[in-house]
Amino acid sequence: MLTLECPYCGVTAEETELAPGYEAHLKRFGPGSTDEQFNDYMFARKNPKGVHFERWRHAYGCGKWFLAARCTATLEVFGTYPAQVGAPPEDIIAKIKARRPEWVME
Amino acid sequence: MSTRLAKGGRLIDRTTKLEFSFNGKRLTGHPGDTLASALLANDQMLVGRSFKYHRPRGIVAAGPEEPNALVNLGTGARHEPNQRVTTTELFDGLEATSQNHWPSLEFDVGAINNKLSRFLPAGFYYKTFLFPRAFWKHVFEPIIRKSAGLGKAPKDRDADRYEQAYAFCDLLIAGGGLAGLQAALIAGQAGLRVIVMEQAAHWGGRAPVDGVLVDGVPAGDWVEATLSALAKMENVTLRARCMVAGVYDHGYVLADERVADHTPGDGRPKHRLWRIRAGRILAATGAIERPLAFAGNDVPGVMLAASARDFVVNFGISPGDRTVVVTNNDDAYLTAIALKQAGLDVAAIVDARDNPTGPGVDKARALGLRVASGKAVAKVKGGKRVVGVALCAQAGEGTATEELPCEAVAMSGGWSPVVHLWSHCGGKLLWDESLSCFRPDAARPPLNHDGSAMVLALGAANGHFLAGDVLADASQVAAEAVKLAGKAPGHGAKVATNPLEGATMAPVWVMPQGAPVKLRSKMWLDYQNDVKVSDVQLAAREGYVSVEHTKRYTTLGMATDQGKLSNINGLAILADSLNIAIPEVGTTTFRPPYAPVTLGALAGESRGTIFQPVRQTPMHGWHEGQGAYLEPVGLWRRPFCYPRSGENHEQAVHREILNTRDNVGLLDASTLGKILVKGPDAGRFLDMLYTNVMSSLPVGKCRYGLMCNEQGFLSDDGVVVRLAEDTWLCHTTSGGADRIHGWMEDWLQCEWWDWQVYTANVTEEYAQIAVAGPKARMLLERLGGMDVSAESFPFMTMKEGTLAGLPVRAYRISFSGELSYELAVPAGHGLALWEALVREGAALGVMPYGTEAMHIMRAEKGFIMIGDESDGTVIPQDLNLDWAISKKKADYLGKRGQERNHLVNPDRWKLVGLETLDGSVIPDGAYAAAEGVNANGQRNVEGRVTSTYYSPTLKRGIAMGLVKGGMARLGESVTFPKVGGGQVVARIVDPVFYDKEGAKQNV
Amino acid sequence: MSKAVSALGGVSFEGFVTVREMGPLGMISLRAKPDVKGLTAALKVAAGLPEQRRIVMDGDKATAWMSPDEYLLIVPYDGVGKAMEALAKKLEGQHHLAANVSDARAVFRIEGEKADQVIAKLCPADLAQMAPNEVRRTRAAQVAVAFWKDETGYTLVCFRSVAAYVMGLLEHSAQPGSELG
């Protein structure tokens, strides 16, 4: 049962205090998008063995959604960060690179 | 016979006697005894029958690894099956009965299986009971269920209480032996928050039994001194009787504390499950001795050598006047020496090694003990107890060279580190040739959240079996853990010595090495599951190469025991049969819990009235007082109906409906979700959330709205009220409030974070009451305080004011089709308003109505219900709700999803009303049959019922359903076959069955 | 007007600590960003501006930090109306949301030397690491709660509908003889 630090309130919460919210950094495709774009947005989710970016909500805490970079294989957490970004911030990328030099951002 | 020695027993208090019973026999023991030692003190060597062959079984071990001696403890509401006698502390009045025998322990009919054992090989069930198929359920299974199996599940409600508790620490030390206590000193002095947990009631592990000296003093004295030193440290918590059961991700640990197992009924919780979050875990869990595989190694009286030593030293027990020690290593010599020093006879030390040397051998010989080297046990003599052993050459095929009469056999096949906690989260093992065991590979530990080692193993659990090595390893590993926590390590003991420093072992997996099948089929590997050497060999011959498959096929290492004694021996046999090395076979997966944890501890406080949260409205007590029949709606309990004396539920529901249609009814609608949405961008936000337009709603007006998920499917509905220029109140379904609030916050936080909108879930702030029926206005007028006339308070508007002197927000909305007001009042006034309505409404014939009446009345009006007409695959267009979907908006959540080709397919099933030709009610969930059959030969279908009721208003069956072609087929008939034969034919009609013009609600 | 009643009518339990339902208390949930003009002044309606995860107390009033844009104002129950008016005035023209949640909550006091043990049996929170006046939002068994500690014990807030459940949890956890030692 993992623990994540909520970047909004600073609490290190355990999984039972959090609600998962699937892949982070999805770009929404609404009316006017092609079937393929919509399909990718809606259904084609990444499921990597290794570095992954996820959404979590501090549901039993401050109620904020935040993002987490972690390894799905070892459960190492590289960092958590606020959700109001379109891509992982530089410091998170740096932390991942420090631990997974071979990793490249898709 | 086994008996109590005249003196000795470091853990027992001989001045006090405790009475207990076994199979009704009244026996006595002492405080400090385990049930195992107390049974042995009374010569109760036979304690159970084996799982499959019903062979007589005795006590093999002295700790949680005991596979045989499982008993029923207690009776009635305190009955617990499968309790190990070796971990059960004796208390006055303890009642135990043996398991798995019929009619009695001494005479068991099932023992015939033993005679038939060659017909019950590995995979027996799979092979035998395949055919005829029908026999399985009615013949084989009942027989197997009766004859196999462990204890009986308790029938009564558990009389005890259980609880859970959370704890946090920098370092959790599992195990309070030499290694664990040494580590606790080092980490405690360093200032780390330390928790030390020991599964037994006493501390120190094996060291005090084995004659270890620590810094020159006996280990027992060192343990006492260390415990008092640790007790003085505020940052160190010591918990005995507390087994670390499992290690999980990110330092999460579960531990089972047996708070009051030994003091039943004293009011304390029986067990407490600790849920610990540890910065790091030290596995100081020791090692478990392995049995040797020789014929008859399961006869009562054969036990592990170190366990025999435990019984002698800890409890003053003689396992028998004359013992044969069988070993492949030096450690068992300590047992021979301990027995001799207790004044007992050791017939011989049968050592499989050709030319054993070392301090143990020297000391044994010096005591005059016979060492039979290069020898093996050909066979144990005896049935219900050992009467002797036949010896043979270990190198041979089992020809007996001599027979030694004896009452006990103490065996040692070497030691296996307890690597469970290391392995639970993926720590890897390596095979240690010199010790013939798997031990933790420090280079491949389980990982913590930061990528560091989450578990460190130390001492015997790390493959260091001699006291000197244990202490040195513990010091080093503890120091490493302290440094990883950023502190400077403290100091523990400096040196420890074991009387057998320099001890060695040689691997022996079968005794004798050339044993023929006749002997191999009496060599038990897994006592608990009755798996023999021959079974594993057969599995290998039949093609089982994976250890995991072999486990399931032979049942080796399954059940409550999980192979604590048998695993390594089984792997070695499998490896030998497959002609590969043991590490190539590998181990089965070590999964939590280490030893069984009682379900009560796992449930904790979640029992009875607090099994789960039951949400209650402010009027809940009133409903209960009226004898309402409650139904769960999410975690709420809502009145389904209010049956009166002599009424069944259906009659009550019909009465409530007719009364609401004729007079006036009250519905507790407090459970409806209520979410405030406010801000300069709130209108824009709601226009994205709802399929229709909410930004144009005038202040004070109400509008029904639909919400869809991004795939386009209908997710929730409700009435939206504009409270002020920048504030809307969104009603959601009863089950949907938290979900929809979360959904709103998700979009506001993660997608449109620059929009200025705030939400607040105020569901529980208000009690809400629907007052519905032709006399609803009269009732509110009687309450007084608000002008509720049609002119001043028209349909689909909101009004704030007072009623009956209470602050009320009223909405003129209707889900029943009647003249209806929904009154929201602060929850603390909810009951007062409800009671005022009941009081003032008495003269008008007011009655409360429940959710079923609400459901039927809405169905009579053709209103959809989320969860009935929608199921996550239905879009609003399917329900003819196009009027509530804006055509003008460029976007709303779900709009793109609804444009997908299969959702715009004209063949989609769409909502219709259904009126049965004969007036009957279509069965719930019925499908409409179409012509022909599908590819599977099943009848084609063209629709299904979504809501179906008997309408007391119309006095006939009415239904709504989704049917291919929808309302374009108005007037056509569809056929619904019934389960069990017959069918109902229904005509497609308008789904609004009642008051289509809305004359009743809009007055 | 009849007096508003708390969810459990002020029930109490004597175990190894004392558990008591309080209230009703006046509570206002205020959503506003910390940089909103007038916020500091507005929060004086209660007890002023708390730092992250802290509660400031002033007599029978308090302000708790609930999230980066949410505060819980505690005032006497009868003072909520006035407090709401004052908030509206002081934050007029500023983007905010103030909701009266006085009746949406149940409030418990847990008092006694071992009050922390009752919380530790229900909440996955590291109490020893909590700062003075820290507010912890978490769960107690299966429901959301918030709690904080003062000199005499803990105050624990939950939703009104689960008040009976939470009282049941607290009674179970405070049973005499079940001290954690």
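Computed from a predicted structure; not experimentally measured. (Residues numbered from 1 in each chain as written. Chains lettered and ligands numbered in written order. Predicted model: local features only at pLDDT ≥ 70, side-chain atom pairs only at ≥ 80, totals over all residues. Heavy atoms only, no water.)

Here we come to the overall build of chain C. Each helix and strand in chain C was counted, giving 4 helices and 11 strands. For chain C, whose C-alpha radius of gyration is 17 Å, the value lies close to the compact-globule estimate of 16 Å for 181 residues. Overall size of chain C, expressed as C-alpha extent along the three principal axes, is 55 × 45 × 30 Å. Within chain C, the proportion of its 181 residues that are buried is 57%. If you sum the accessible surface of chain C, you get close to 7200 Å²; carbon and sulfur atoms cover 50% of it. Charge-centre separation for chain C: the mean point of 21 positive side chains lies 5 Å from the mean point of 21 negative side chains. (Helix = DSSP H or I, 4+ residues; strand = E, 2+ residues; numbered from the N terminus. Rg over C-alpha atoms; globule rule 2.2 N^0.38 Å. Buried < 20%, exposed > 50% of the residue type's maximum accessible area, 1.4 Å probe, protein only. Areas by Shrake-Rupley, 256 points an atom, 1.4 Å probe, with all protein chains shown as cover. Lys, Arg positive; Asp, Glu negative; His and termini not counted. Charge placed at Lys NZ, Arg CZ, Asp CG, Glu CD.)

As a further point, take the interface of chain A and chain C. With 12 residues of chain A in contact, the opposing surface of chain C contributes 16 residues. On the chain A side of the interface with chain C, the three residues burying the most area are Glu17, Tyr60 and Lys64 of chain A, jointly 42% of the side's total. For the pair chain A and chain C, the interface holds 3 salt bridges. Arg139 of chain C serves as the salt-bridge partner of Glu14 of chain A, at 3.3 Å between the closest nitrogen and oxygen. (Contact = heavy atoms within 4.5 Å. Buried area = accessible area lost by both parts, 1.4 Å probe. Salt bridge = Lys/Arg side-chain N within 4 Å of Asp/Glu carboxyl O.)

Contacts between the two partners involve 47 residues from chain B, matched on the other side by 48 residues from chain C. Carbon and sulfur atoms make up 56% of the surface buried where chain B meets chain C, a total of about 3700 Å² over both sides. Counting across the chain B and chain C interface gives 3 salt bridges. The closest approach of N and O atoms between Arg31 of chain C and Glu745 of chain B, which form a salt bridge, is 3.2 Å. At the boundary of chain B and chain C, one finds 24 residue pairs in polar contact (both at pLDDT 80 or more). For the side of chain B that touches chain C, the secondary-structure elements that each account for two or more residues are strand S9 (162-174), strand S16 (271-283), strand S37 (673-678), strand S41 (758-761) and strand S44 (806-811) of chain B. (Polar contact = N/O pair within 3.5 Å; in protein donor to acceptor, adjacent residues only side chain to side chain.)

Right, let's talk about the packing of aromatic side chains for a bit. A ring pair, where both rings are aromatic, is described by two values, the distance of the centres and the angle of the planes. Considering all chains together, one arrives at 19 aromatic pairs over all chains under this definition. Among the aromatic side chains, those forming a connected cluster through ring pairs are Phe685, Trp743, Trp747, Trp752 and Trp755 of chain B. Geometry around Phe29 of chain A places Lys27 of chain A over its ring, the cationic atom sitting 5.0 Å from the centre. Seen from the ring of Tyr22 of chain A, Arg55 of chain A lies directly overhead, with NZ or CZ sitting 4.9 Å from the centre. (Phe/Tyr/Trp six-rings, centres within 6.5 Å; stacked < 30°, edge-to-face > 60°. Lys NZ or Arg CZ within 6 Å of the ring centre and 35° of its normal.)

All names here are of chain B. Over its 14 residues, helix H21 (residues 737-750) extends 20 Å from the first C-alpha to the last, a length consistent with the 20 Å expected when each residue adds 1.5 Å. Burial analysis of H21 places 12 of its 14 residues in the buried class, which makes it a mostly covered element. Among the residues of H21, those classed as buried are Ala737, Ile740, His741, Gly742, Trp743, Met744, Glu745, Asp746, Trp747, Leu748, Gln749 and Cys750. (Expected span 1.5 Å × (residues − 1).)

This paragraph deals with the side chain of Thr851 of chain B. Position of Thr851 of chain B relative to the elements: it lies in helix H24 (residues 851-860). What makes Thr851 of chain B buried here is its relative accessible area of 1%.

Right, let's talk about the sheet that holds S37 of chain B for a bit. Residues and elements named next belong to chain B. Spatially, 5 strands are ordered S38-S39-S40-S37-S41 in an open sheet, and the strand pairing comes out antiparallel. What marks the edges here is a single partner per strand, and that holds for strand S38 (702-708) and S41. Adjacent strand axes in the sheet meet at a mean angle of 30° when their direction is disregarded. In terms of strand pairing, S37 meets strand S40 (residues 727-732) through 6 bridges, oriented antiparallel. Bridging across to S40, Gly673 finds its partner in Thr732. Contacts from H21 reach S37, S38, strand S39 (714-724), S40 and S41 within the one sheet, and its direction differs from that of S41 by about 165°. (Pairing = 2+ DSSP bridges. Axes fitted to C-alpha atoms, helices over the stretch in contact; angles between N-to-C directions.)

Here we take up the sheet that holds strand S12 (residues 217-218) of chain B. Residue and element names in this part refer to chain B. Spatially, S12-S11-S31 is the arrangement adopted by the 3 strands of the open sheet, whose pairing is antiparallel. Edge positions in the open sheet fall to S12 and strand S31 (496-497), since each of these has one partner strand only. Of the pairings in the sheet, the one linking strand S11 (residues 213-214) to S31 comprises 2 bridges and is antiparallel in character. Directly across from Leu213, in S31, lies its bridge partner Thr497.

What follows covers the confidence of the model for chain C. A residue-level look at chain C finds 99% of positions with pLDDT of 70 or above and a mean pLDDT of 96. Complex prediction metrics read pTM 0.95 and ipTM 0.98. (pLDDT = per-residue confidence, 0-100.)

Residues and elements named next belong to chain B. Running from N to C, helix H5 (residues 178-189) and helix H11 (residues 467-484) cross one another at 35°; their axes reach a closest spacing of 8 Å. Considering the relative orientation of H5 and H11, their crossing is right-handed. Contacts between H5 and H11 involve Leu178, Ala179, Gln182, Ala183, Ile186 and Ala187 on the former and, on the latter, Ala467, Val470, Leu471, Ala474, Ser475, Ala478, Ala479 and Val482. Residue composition of the contact of H5 with H11, grouped by class: 12 nonpolar, 2 polar and no charged. (Left-handed = near helix turned anticlockwise from the far one by under 90°. Nonpolar A, V, L, I, M, F, W, Y, C, P; charged D, E, K, R; others polar.)

Next up on the list: the nonpolar core. Side chains of a nonpolar character, in soluble globular proteins, are inclined to be buried together. Core analysis: the biggest nonpolar cluster contains 83 residues, and Leu172 and Ile276 of chain B together with Phe147 of chain C have the highest contact counts within it. Each of domain 2 (162-288 + 417-497) and domain 4 (517-585) of chain B gives at least three residues to this core. Apart from the residues within four sequence positions on either side, Ile276 of chain B is in contact with Ala167, Cys169, Leu172, Ile195, Met197, Gly251, Tyr252, Val253 and Ala255 of chain B. By size, the runner-up hydrophobic cluster in this structure holds 46 residues, among which are Phe22, Leu46, Phe315 and Val325 of chain B. (Core = buried A, V, L, I, M, F, W, Y, C linked by side-chain atoms within 4.5 Å. Domains from an automatic or database assignment.)

In this section: the environment of Leu73 of chain C. Residue and element names in this part refer to chain C. Of note, Leu73 is situated in strand S6 (residues 70-75). C-alpha separation for the pair Leu73 and Ser29, spaced 44 residues apart in sequence, amounts to 6.4 Å. Beyond its immediate stretch of four places on either side in the chain, Leu73 contacts Gly26, Met27, Ile28, Leu30, Leu43, Val45, Ala46, Ala62, Thr63 and Leu87.

All right, on to the side chain of Ser670 of chain B then. All names here are of chain B. Among the structural elements, Ser670 can be located in the loop between strand S36 (665-668) and S37. The buried category is assigned to Ser670, whose relative accessible area is 3%. Reaching out from Ser670, the side chain makes a polar contact with the backbone nitrogen of Gln768 at a distance of 3.0 Å.

So, about the environment of Asn100 of chain C. Inspection of the secondary structure puts Asn100 of chain C in strand S7 (residues 97-100). For the pair Asn100 of chain C and Val80 of chain C, spaced 20 residues apart in the sequence, the C-alpha separation amounts to 7.4 Å. Excluding residues within four positions of it along the chain, Asn100 of chain C makes contact with Glu765 of chain B together with Met27, Val80 and Met84 of chain C. Side-chain polar atoms of Asn100 of chain C contact the side chain of Ser102 of chain C, separated by 2.6 Å.

So, about the pattern of salt bridges. Throughout the structure, instances matching the rule amount to 65 salt bridges over all chains. For Glu403 of chain B, the salt bridge identified is with Lys381 of chain B, shortest N-O distance 3.1 Å. With Glu403 of chain B in strand S25 (residues 402-405) and Lys381 of chain B in strand S23 (residues 375-381), this residue pair connects regions lying 22 residues apart in the sequence. Using a relative accessible area of 29% as the deciding quantity, one classes Lys381 of chain B as partly exposed. One salt bridge connects Asp432 of chain B with Arg439 of chain B, and the closest N-O pair in it is separated by 2.8 Å. Within this structure, Glu163, Arg239, Glu257 and Arg272 of chain B together with Lys121 of chain C form a network of salt bridges that share partners.

Attention now moves to the pairing of strand S52 (residues 983-989) of chain B. Residue and element names in this part refer to chain B. Pairing analysis gives 4 bridges linking strand S47 (residues 909-916) to S52, with the strands arranged antiparallel. Bridge assignment links Gly913 to a residue of S52, and that residue is Val989. Here strand S51 (residues 973-977) runs beside S52; their pairing, made up of 5 bridges, is antiparallel. Residue pairing across strands places Phe976 opposite Val984, the latter belonging to S52. Where S51 folds back on S52, the antiparallel hairpin that results is connected by 5 residues, among which Gly980 adopts a positive phi of roughly 85°.

Applying the stated rule across the entire model yields 0 disulfides over all chains. As a non-bridged cysteine, Cys406 of chain B has Cys392 of chain B as the owner of its nearest cysteine sulfur, 14 Å distant. The exposure class of Cys406 of chain B is buried, given its relative accessible area of 3%. Left unpaired, Cys158 of chain C is separated from the closest cysteine sulfur, that of Cys123 of chain C, by 11 Å. Relative accessible area serves as the criterion here: at 2%, Cys158 of chain C is assigned to the buried category. (Disulfide = S-S within 2.5 Å.)

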